[in-house]
Amino acid sequence: MSKTVKPTATAKKMLRAKPYTRVEKLPELPKGVKLPSGYEPAYFRKRKNLAVLRAANKSHYLIFQTTTGKKIEVASTEEASKLMSEIRRGVKSFAA
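Residues numbered from 1 in each chain as written. Predicted model: local features only at pLDDT ≥ 70, side-chain atom pairs only at ≥ 80, totals over all residues. Heavy atoms only, no water.

Caption draft 1: Looking closely at the overall build of the protein chain. For the protein chain, the count of helices and strands is one helix and five strands. Counting helices and strands in the order they occur from the N terminus, the protein chain gives β-β-β-β-β-α. Within the protein chain, the fraction of its 96 residues that count as buried is 30%. Considering only intrachain contacts with a sequence separation of at least 6, the fraction spanning at least 24 residues in the protein chain is 28%. (Helix = DSSP H or I, 4+ residues; strand = E, 2+ residues; numbered from the N terminus. Buried < 20%, exposed > 50% of the residue type's maximum accessible area, 1.4 Å probe, protein only. Contact = heavy atoms within 4.5 Å.)

Now the structure itself:
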């Protein structure tokens, strides 16, 4: 007689939450804050109210603070990610 082998329970794959979310539309902005013209939302970081906006001609990006409307121009999404991380840690800020 052959033995039947029961399948063993496997560990569930852990899905980590991504800090950035691709978006087509940002959450409602506060009164007086407007999205810069010529840019479209690319990524949004909810915890820090920061968004990465893509230039319509895809030449560069902006880091946009959705609560105040302040912005910083960057060349790539990699640069944007690094700068947003530094802003989150308090190393950099939107102040000049």
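Caption draft 2: Summary view of the nonpolar core. With ten residues, the main nonpolar core is built from Leu-50, Val-52, Tyr-61, Ile-63, Val-74, Ala-80, Leu-83, Met-84, Ile-87 and Phe-94. Those elements that place two or more of their residues in this core are strand S3 (50-55), strand S4 (61-65) and helix H1 (77-89). No other element matches H1, which puts four residues into this core. Counting eight residues, the second largest nonpolar core, distinct from the first, contains Val-23, Phe-44, Leu-53 and Leu-62. (Core = buried A, V, L, I, M, F, W, Y, C linked by side-chain atoms within 4.5 Å.)

Caption draft 3: Structural context of the environment of Gln-65. With respect to the secondary-structure elements, Gln-65 resides in strand S4. The class for Gln-65 is buried, based on a relative accessible area of 19%. Along the backbone, Gln-65 and Phe-94 are 29 residues apart, and their C-alpha atoms lie at a distance of 8.5 Å. Dropping the residues within four chain positions of it, Gln-65 is found in contact with Asn-49, Leu-50, Lys-70 and Phe-94. Here Thr-68 takes part through its side chain, which lies 2.8 Å from a polar atom of the side chain of Gln-65. (Polar contact = N/O pair within 3.5 Å; in protein donor to acceptor, adjacent residues only side chain to side chain.)

Caption draft 4: Molecular detail of the side chain of Thr-66. Within the secondary structure, Thr-66 is located in the loop between S4 and strand S5 (71-74). Judged by relative accessible area, which is 6%, Thr-66 ranks as buried. Excluding residues within four positions of it along the chain, Thr-66 makes contact with Leu-26, Leu-29, Pro-30, Val-33, Phe-44, Asn-49 and Ala-51.

Caption draft 5: Local environment of the pattern of salt bridges. For the coordinates displayed, the defined rule picks out one salt bridge. In this structure, Arg-54 engages Glu-40 in a salt bridge whose closest nitrogen and oxygen atoms are separated by 2.8 Å. Of the two residues, Arg-54 sits in strand S3 while Glu-40 sits in strand S2 (residues 39-45), which places them 14 residues apart along the sequence. Arg-54 sits in the partly exposed class, given a relative accessible area of 22%. (Salt bridge = Lys/Arg side-chain N within 4 Å of Asp/Glu carboxyl O.)

Caption draft 6: Molecular detail of a positive patch on the surface. Taken together, the side chains of Arg-47, Lys-48, Arg-88 and Arg-89 make up a positively charged region of the molecular surface. Residue position: Arg-89 is located in helix H1. (Patch = residues over 30% accessible without salt bridge, like charges linked within 9 Å, V, L, I, M, F, W, Y side chains within 5 Å. Areas by Shrake-Rupley, 256 points an atom, 1.4 Å probe, with all protein chains shown as cover. Lys, Arg positive; Asp, Glu negative; His and termini not counted. Charge placed at Lys NZ, Arg CZ, Asp CG, Glu CD.)

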